[in-house]
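# Summary of the model geometry
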Amino acid sequence: MREISLELGSVSSEIKIKKGMLKDAVTEIKKYVEGSKAAIITDENVFSLYGSSLKDSLLSEGIAAEYIVVKPGEQSKSVDTLKKVYSELVSLNITRGDFIIALGGGVVGDLAGFAASTYLRGVEFVQIPTSLLAQIDSSIGGKVAVDLDEGKNLVGSFYHPKLVLIDPELLNTLNDRFIKDGLGEAVKYGCISDIGLFESLMNMKSRELLFNNIEDIIYRCLLIKKETVEADEKDKGLRMTLNFGHTFGHAIEKYFNYEKYSHGEAVSMGMYHITRKSEELGYTEVGTAEKIREALGNLGIEYRMPEMTSKEVENAILLDKKNISGNLNLILLRKIGICFIEKIPVSSLNKFI
Ligand code: GLY
């Protein structure tokens, strides 16, 4: 088992990575979380795959558990679903001495985490992420949120799970598209901070090879996340580097209504695009974009920008509410493994498009 402790002064998160971890979840949960009752928040797909086993093992250890099952997909990260979750927590009589388990991908983790951070002014929670993207990124670092009609993640908080249990065997049921969604973010971690990780990802040319090395890949991504979040929990400095590729990535996702491209696909296109431009502008070692193209290509991830005019790209970036303050923080690479933040006036954005 690989273990990482995320230490943030008054709070900490224990992260454990092991194939088959779900079977031992209750043993780990009992070490870190008190409470004799749990609400397990999950979605219909994950519930049908893993639902009964987790509840049964909690019950066998004297922890009463009930499910709150939401619909799969981003539409569940809504205030309406959150309200239903609160009502179910009340009906299950979940008190501050009890806890919540988020069993699912990024949507479930963000929704359950935000419910945990606000219900009764905060109850403890455990993350059991079931997608690669959630296992390497969204379940760690405490960002929890729901969406508004006006945009994604507009209501949220920083609230850390007591424990994150990562079972890479849960990824076996994911189709290749979902795996690539997470791999795009893994390539990002390599680009910003770990050339060894980047080079190893470049060689993962088959699903079998990838799954043979998956624990190591997850661990290396999370070491970077740990260091980054410990240095800058509230996302005012170093943590922004986790957004490499995201300025254009978010614009692509938004322009296509979050339907055509997954987050990881859009970020992959964003990483390649911005690095091509930053190379042309002299910020980045020549040949870096080509390495990103090769790594993404080897993994079967699309790296070419979709059909969008420069104006459409610019508008989509500027519509992202977080960016409207006169300046943009662009995350650029010096070379693979070394990144930096370049603050540019919005008027200079067109140089990067
Ligand atoms: N996913 C980016 C962050 O946690 O800051």
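Heads up: the structure comes first, above all this text.
Everything in this summary refers to the structure shown in the same document. (Residues numbered from 1 in each chain as written. Predicted model: local features only at pLDDT ≥ 70, side-chain atom pairs only at ≥ 80, totals over all residues. Heavy atoms only, no water.)

## A few points about the sheet that holds strand S1 (residues 2–8)
Applicable threshold: Only when DSSP finds a minimum of two bridges between them are two strands counted as paired. Numbering of helices and strands runs from the N terminus; a helix is a DSSP stretch of H or I covering at least four residues, while a strand is a stretch of E covering at least two. Here an angle of 0 to 180 degrees is reported between the N-to-C directions of two axes, which are lines fitted to C-alpha atoms, with helices fitted over the stretch in contact. Two residues qualify as a contact provided that any one of their heavy atoms is within 4.5 Å of a heavy atom in the partner residue.
Overall, mixed pairing links the 7 strands, which are arranged S1-S2-S9-S6-S5-S3-S4 in an open sheet. Each having just a single partner strand, S1 and strand S4 (64–70) make up the two edges of the open sheet. Pairs of neighbouring strands in the sheet enclose a mean axial angle of 15°, with direction left out of account. In the packing of helix H1 (residues 25–32) onto the sheet, contacts are made with strand S2 (11–17), strand S5 (99–104), strand S6 (124–129) and strand S9 (163–166), and the angle to S9 comes to roughly 165°. Sheet strands in contact with helix H2 (residues 44–60) are strand S3 (37–43), S4, S5 and S6, and its direction is about 170° off that of S4.

## Quick notes on empty space enclosed by the protein
Heads up, the rule is: Site definitions follow a grid-based scheme: protein atoms alone, a 1 Å grid, a 1.4 Å probe that fits but cannot get out for cavities, and for pockets an open set with protein on both sides within 12 Å along at least five of seven lines, plus lining residues having an atom within 4 Å of a point. Grid points are joined across faces, edges and corners, and a volume is the space filled by probe spheres set on the points.
Tallied over the entire structure, the rule returns 2 cavities of 30 Å³ or more. In this model, the largest cavity occupies a volume close to 40 Å³. Around the largest cavity, the lining residues are Asn 243, Phe 244, Gly 245, His 246, Thr 247, Phe 248, Ile 274 and Ile 331. Top element by residues in the lining of the largest cavity is helix H10 (residues 246–255). It accounts for 3 residues. The computed volume of the second largest cavity comes to approximately 40 Å³. Listing elements by their share of the lining of the second largest cavity, those giving two or more residues are helix H4 (106–118), S6 and helix H5 (132–138).

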